[in-house]
Amino acid sequence: MAQADPDIAALFAPLRPAQASDVVLREAREVLAHLHKPIDAELWGSDIIGALSGGGTDGADADGADVMAELTASLVPAAEASATPEALALLRILAAIGSPALKTAAAAAADRVTAGGVTDPDWAAVIGSPTVGKCWHYGDVGGRQESITVSFGYGDAEHALSVLIDHGCGGKIKDAWVDDAAGLLDKTWMAAENDPLIIFEPIEPADARDRLVKAVAAGECPGKPDEVDDLTAHRALLRARVRYLATA
């Protein structure tokens, strides 16, 4: 599974989204041909969007609305005009993890590119629409922090999205990350069994969705540099998955 690229933030830090189209398309040419799993493509796209947002968690665009609007107005037309296989893949990614407006614009642009004869990547038909698997809650008995994990699948390959919520900070999100889901539920359960101060319980997807919706609305409170990096890289994917859970 692809991991967040530490160089992505440095590459895009000096640029506003409206200025970054050429750089994003160049990065897409170098990377996307080597990504064969939809989750890896989504993680790459989420990392790009996070880098273009500046990585802030408490600024004017902490929810990513401004960067999504700028990408809709600038990157989508640029990718459509480029009309290469990598640009088409980029549009499919934006349609999978973007805001509703970006999703609509990118999907329409991608359809026009394919109508012109450009071939979709193998994962285009499924990206953004994984199956929803097992969900669980894991936290301390005092209720200070909890993690919510939701597993998603593309075919036989499952990944797990985990979100750490800090109730001492108003229920805000402290960290978020993606793991391979294979064996993760059993490992989490065994860790809880061996620690009397830990609570573990399976939950339904609807319960996981409701908890995540509240956490996203509360905001973010990373306390360490790696938590800031995690949230920046995974924010777009997290929000897309929360929206998806509302319809799945």
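You'll find the structure just up there.
Rules and cut-offs
Residues numbered from 1 in each chain as written. Predicted model: local features only at pLDDT ≥ 70, side-chain atom pairs only at ≥ 80, totals over all residues. Heavy atoms only, no water. Buried < 20%, exposed > 50% of the residue type's maximum accessible area, 1.4 Å probe, protein only. Helix = DSSP H or I, 4+ residues; strand = E, 2+ residues; numbered from the N terminus. Arc of directions from axis to C-beta. Contact = heavy atoms within 4.5 Å. Phe/Tyr/Trp six-rings, centres within 6.5 Å; stacked < 30°, edge-to-face > 60°. Lys NZ or Arg CZ within 6 Å of the ring centre and 35° of its normal. Pairing = 2+ DSSP bridges. Salt bridge = Lys/Arg side-chain N within 4 Å of Asp/Glu carboxyl O. Core = buried A, V, L, I, M, F, W, Y, C linked by side-chain atoms within 4.5 Å. Axes fitted to C-alpha atoms, helices over the stretch in contact; angles between N-to-C directions. Parallel < 35°, antiparallel > 145°, perpendicular 65-115°, else oblique. Left-handed = near helix turned anticlockwise from the far one by under 90°.

A. Here's a closer look at helix H5 (residues 75-82). Those residues of H5 that sit buried are Leu75, Val76 and Ala79. Looking straight down H5, one finds its buried side chains confined to an arc of 100°; they lie on one side. Looking at the buried residues of H5, the elements they touch are helix H2 (21-31), helix H4 (65-73), helix H6 (85-97) and helix H7 (100-115).

B. Fine view of the packing of aromatic side chains. In this structure the tally under the stated criterion is 0 aromatic pairs. Across from the ring centre of Phe152, 5.0 Å away, lies the NZ or CZ of Arg241, which sits over that ring.

C. Expanded view of the pairing of strand S4 (residues 172-180). In this sheet, S4 lies alongside strand S3 (residues 157-166) in antiparallel orientation, the contact comprising 8 bridges. What sits directly across from His159, in S4, is Asp180. Counting the residues in the hairpin turn of S3 and S4 gives 5 residues, including Gly170, whose phi is positive at 75°.

D. Main features of the pattern of salt bridges. For the structure shown, the criterion picks out 11 salt bridges. A salt bridge links Asp210 to Arg209, with the nearest nitrogen and oxygen atoms 3.2 Å apart. What makes Asp210 partly exposed here is its relative accessible area of 37%. Relative accessible area serves as the criterion here: at 22%, Arg209 is assigned to the partly exposed category. One continuous salt-bridge network, built from bridges that share partners, spans Glu146, Glu201, Asp207 and Arg211.

E. Geometry of helix H8 (residues 184-193). Within H8, burial applies to Leu184, Leu185, Thr188 and Ala192. When H8 is viewed along its axis, its buried side chains cluster within an angular range of 100° and face the same direction. In H8, the exposed positions angled more than 90 degrees off the buried face are occupied by Asp186, Lys187 and Glu193. In this structure, the buried side of H8 is in contact with strand S1 (131-140), S3, S4 and strand S5 (198-203).

F. Seen up close, the nonpolar core. The biggest cluster of nonpolar side chains holds 62 residues, and the ones touching the most others in it are Trp44 and Leu90. Of all the elements, H6 adds the most residues to this core, at 10 residues.

G. Structural view of the side chain of Ser99. Within the secondary structure, Ser99 is located in the loop between H6 and H7. Every residue in contact with Ser99, bar those within four places of it in the chain, is listed here: Met68 and Arg243.

H. Region of interest: the packing of H2 against H5. One way to put it is that H2 packs onto H5 with a least axis distance of 10 Å and a crossing angle of 50°. The orientation of H2 relative to H5 falls into the category oblique. As for how H2 packs across H5, the hand of that crossing is right-handed. Residues Ser21, Val24 and Leu25 of H2 form the contact with H5, whose own contacting residues are Leu75, Ala78, Ala79 and Ser82.

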